[in-house]
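Examination of the molecular architecture
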Amino acid sequence: NTIIGDSLYAISHGYCTNIVVQSNTISNPYGMGVYLWGKTAYNTNMTRWVRLVGNAISTDSAAVQLNGVYYGIIENNSITTTAVPDVVVKRSELIQYTGFTGASGSASAATVGTITVQ
């Protein structure tokens with residue numbers, strides 16, 4: 001699939017389970033690529049079991065933001081952006097990432113490579 005954003009997000013989903021974004025070309029010259037969210041003051045459920053695999057993501061802002069996600073895998077994506085960091089993880093648990101910009105590991109409460117965990 002080719003997904004072209006024309007606003008803040010090219011893809012935005014909240015409070016979902018078992019979401020897979022795989023083998024897409026995602027472009028957003030106006031903002032973020034993929035934004036997955038959950039766990040707010042109004043709804044404490046987290047988005048669960050997320051996989052972002054094998055995508056080509058080109059953005060003007062962060063390529064990926066996970067905000068309130070429980071268990072996510074980000075692997076083998078090609079990310080092109082001038083934003084730093086290119087992947088942002090907030091209020092999330094058990095996020096694993098490999099295969100982009102030379103970084104790999106598991107997110108924790110610190111900045112690791114190009115992933116910022118807040």
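Residues numbered from 1 in each chain as written. Predicted model: local features only at pLDDT ≥ 70, side-chain atom pairs only at ≥ 80, totals over all residues. Heavy atoms only, no water.

Quick notes on the environment of R91
- Mapped onto the secondary structure, R91 falls in the loop between β11 (87–90) and β12 (93–100).
- Judged by its relative accessible area of 39%, R91 is partly exposed.
- Through-space distance from the C-alpha of R91 to that of G38 is 9.1 Å; in sequence the pair is 53 residues apart.
- At 2.9 Å, the side chain of R91 and the side chain of N67 are in polar contact. (Helix = DSSP H or I, 4+ residues; strand = E, 2+ residues; numbered from the N terminus. Buried < 20%, exposed > 50% of the residue type's maximum accessible area, 1.4 Å probe, protein only. Polar contact = N/O pair within 3.5 Å; in protein donor to acceptor, adjacent residues only side chain to side chain.)

Description of the sheet that holds strand β1 (residues 2–4)
- Ordered by their spatial adjacency, four strands build an open sheet running β1-β4-β7-β10, and the pairing between neighbours is parallel. Looking at which strands have only one partner, the edges of the open sheet turn out to be β1 and β10 (78–81). Each strand of the sheet is rotated relative to its neighbour by a mean of 5°, with strand direction disregarded.
- Pairing of strand β7 (residues 56–59) with β10, which is carried by four bridges, proceeds in the parallel orientation. In the sheet register, I57 faces β10, and the bridge partner there is I79. (Pairing = 2+ DSSP bridges. Axes fitted to C-alpha atoms, helices over the stretch in contact; angles between N-to-C directions.)

Focus: the nonpolar core
- Judged by nonpolar contacts, the single largest core of 20 residues is most densely connected at V34, L36, L52, V64, L66 and I74.
- Apart from residues lying up to four places away in sequence, L52 is in contact with V21, V34, L36, V64, L66, I73, I74, E75 and N77. (Core = buried A, V, L, I, M, F, W, Y, C linked by side-chain atoms within 4.5 Å. Contact = heavy atoms within 4.5 Å.)

Some details on the packing of aromatic side chains
- All told, the structure shown has four aromatic pairs when counted by the stated rule.
- Considering the side-chain rings of W49 and Y71, the 4.7 Å spacing of their centres and the 50° angle between planes classify their relative orientation as tilted. Taken together, the residues W49 in strand β6 (residues 47–53) and Y71 in strand β9 (residues 69–75) connect sequence positions 22 residues apart.
- For W49, a relative accessible area of 39% puts it in the partly exposed group.
- Members of the aromatic cluster, connected to one another through ring pairs, are W49, Y70 and Y71.
- The cationic tip of R48 hangs over the ring face of Y70; the distance from NZ or CZ to the ring centre is 4.8 Å. (Phe/Tyr/Trp six-rings, centres within 6.5 Å; stacked < 30°, edge-to-face > 60°. Lys NZ or Arg CZ within 6 Å of the ring centre and 35° of its normal.)

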